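Listed below, chain by chain, are the residues.
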Amino acid sequence: MAAGHEPVIADSHVNSRASVLPRLEELSGTRIESHAFDLRDVDKTSALFADGHFDAVIHFAGLKAVGESSEMPLEYYDNNLGTTFAILRAMERHGVRTLVFSSSATVYGETERVPMPEELPTSSTNPYGWTKVMQEQILRDVAATGSVQVALLRYFNPVGAPPSGRIGEDPRGIPNNLMPFISRVAVGRRERLQVFGGDYPTPDGTALRDYIHVEDLAAGHVAALQYLSTHRDVQVREWNLGTGHGTSVLEMVAAFEAGSGQTVPYEIVGRRAGDLGAVYADATRAEAELGWRATRTIEDMCTDTWRWQEANPQGYPA
Ligand code: UFG
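Model, not experiment: these values are computed from the prediction.

Asks: Looking at this structure, I do not really get the side chain of Gln135. What am I missing?
Replies: Within the secondary structure, Gln135 is located in helix H5 (residues 127-143). When residues no more than four places from it in sequence are discounted, the contact partners of Gln135 are His59, Asn80, Leu81, Thr84 and Phe101.

Have a look at this one:
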């Protein structure tokens, strides 16, 4: 919105709360059109497009927990592929030609090569990751017909919150991901962090990830929209959204303690199944082609997460 776009939201709220909407309106100073339904519903999705006169779609809809995806694979395939099918049908029917897709670094599978360039082959080790690999393939095939142009944005580890502290990450139940877990320990909702693995071949033995501030991630989407609108001949292109730097779990704990002034008790336990020792992006393509690069630091990620968590210890109102 700050870049001049007028978004319309569609969200089933399966992993979010409708009470975020008044806060978005407060931050933007405008009313935001929002629809609560499941994007797998082809008729409802198509009806939204019939009324919307949209220029582009940013497709974020999907389930995203790696462990859960092995327990309920059918839910993951149905949700993540089903939303993509309904959105593509609605776009086709209503002549919308531009799509920005939330993909993931998980499509690089088990490679040990770092930094990871976009040219690496794609694969996966879990149903969640396969849904991203499959969605990328579906989007490539549809883009090849010339009916849509697609940006595949491969997120590394998005964390943080806008500096207002009014909106932020509020996962339901026990957080799967590192940053929301740390911030719940810091705010007193969980006793201690379990650090999964202290014996990786990294400087301090804990795993390295490429954490990217969510505001930088958002700017990457704006840059991709801009690119597609000025490169109409491009059918499909993939870009990593990362910083190009790895941060260890213990470095993140230390940065969070410094940024929040809270102690984050932790214990080092065994490795989590399926985790890699080092995952970070080769972020040069996005800079060269989109003119985008991440500018926020690990310290920004920690202080912005803490500002949100401290002001909203229980997350969004129910
Ligand atoms: N970690 C802990 N303790 C926790 C949670 C995480 O030590 O309680 C560690 C993990 O072992 C890993 C690092 O913190 O080394 C980051 O873990 P996250 O779960 O936050 O992120 P991942 O890198 O495992 O997962 C991310 C995305 C997935 C994506 C995956 C693979 O969240 O969507 O990258 O690219 F599939």
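Structure shown, so let's carry the discussion forward.
Asks: Would you take a moment to explain the sheet that holds strand E3 (residues 57-59) for this structure?
Replies: In a beta sheet, neighbouring strands are held together by backbone hydrogen bonds and run either parallel or antiparallel to one another. With parallel pairing, four strands are arranged side by side in an open sheet as E3-E4-E5-E10. Pairing within the sheet leaves two strands with one partner each, and these edge strands are E3 and strand E10 (236-241). Ignoring which end each strand starts from, the neighbouring axes of this sheet average 20 degrees apart. When E3 meets strand E4 (residues 98-104), the two strands line up parallel, connected through three bridges. Residue pairing in the sheet places Ile58 in a bridge with Val100 of E4. Helix-sheet contacts for H5 involve E3, E4, strand E5 (149-155) and E10, and the interaxial angle to E4 is about 155 degrees.

Asks: Explain the nonpolar core to me, please; I cannot follow it from the model alone.
Replies: Among the nonpolar cores identified, the biggest contains 21 residues, and Ile182, Leu193, Met252 and Phe256 are the most heavily contacted of them. Going through the elements one at a time, helix H6 (178-186), strand E7 (193-196), helix H8 (249-260) and helix H10 (298-311) are the ones with two or more residues in this core. Ignoring anything within four residues of it in the chain, the contact list for Phe256 reads Met179, Ile182, Ser183, Ala186, Gly261, Val264, Cys302, Thr305 and Trp306. One finds Ala151, Tyr155, Ala224 and Tyr227 within the second-largest nonpolar core, a separate group that totals 18 residues.

Asks: Where do I start with the packing of aromatic side chains in this structure?
Replies: Both the distance between ring centres and the angle between the ring planes are used here to describe each pair of aromatic rings. Inspection of the entire model under this criterion finds five aromatic pairs. Summarising the aromatic geometry, the rings of Tyr227 and Trp239 are spaced 5.0 Å apart at their centres and angled 75 degrees between planes, so their arrangement reads as edge-to-face. Of this pair, Tyr227 sits in helix H7 (residues 214-230) while Trp239 sits in strand E10, and the two are twelve residues apart along the sequence. Judged by centre distance (6.1 Å) and plane angle (85 degrees), the rings of Phe256 and Trp306 are edge-to-face. Separated by 50 residues along the polypeptide, Phe256 in helix H8 and Trp306 in helix H10 bring together distant segments of the chain. Looking at Trp306, the relative accessible area reads 7%, which means it is buried. Above the plane of the ring of Tyr200 lies Arg271, whose end atom (NZ or CZ) is 4.0 Å from the centre.

Reading the values: the criteria
- Residues numbered from 1 in each chain as written.
- Predicted model: local features only at pLDDT ≥ 70, side-chain atom pairs only at ≥ 80, totals over all residues.
- Heavy atoms only, no water.
- Helix = DSSP H or I, 4+ residues; strand = E, 2+ residues; numbered from the N terminus.
- Contact = heavy atoms within 4.5 Å.
- Pairing = 2+ DSSP bridges.
- Axes fitted to C-alpha atoms, helices over the stretch in contact; angles between N-to-C directions.
- Core = buried A, V, L, I, M, F, W, Y, C linked by side-chain atoms within 4.5 Å.
- Buried < 20%, exposed > 50% of the residue type's maximum accessible area, 1.4 Å probe, protein only.
- Phe/Tyr/Trp six-rings, centres within 6.5 Å; stacked < 30°, edge-to-face > 60°.
- Lys NZ or Arg CZ within 6 Å of the ring centre and 35° of its normal.

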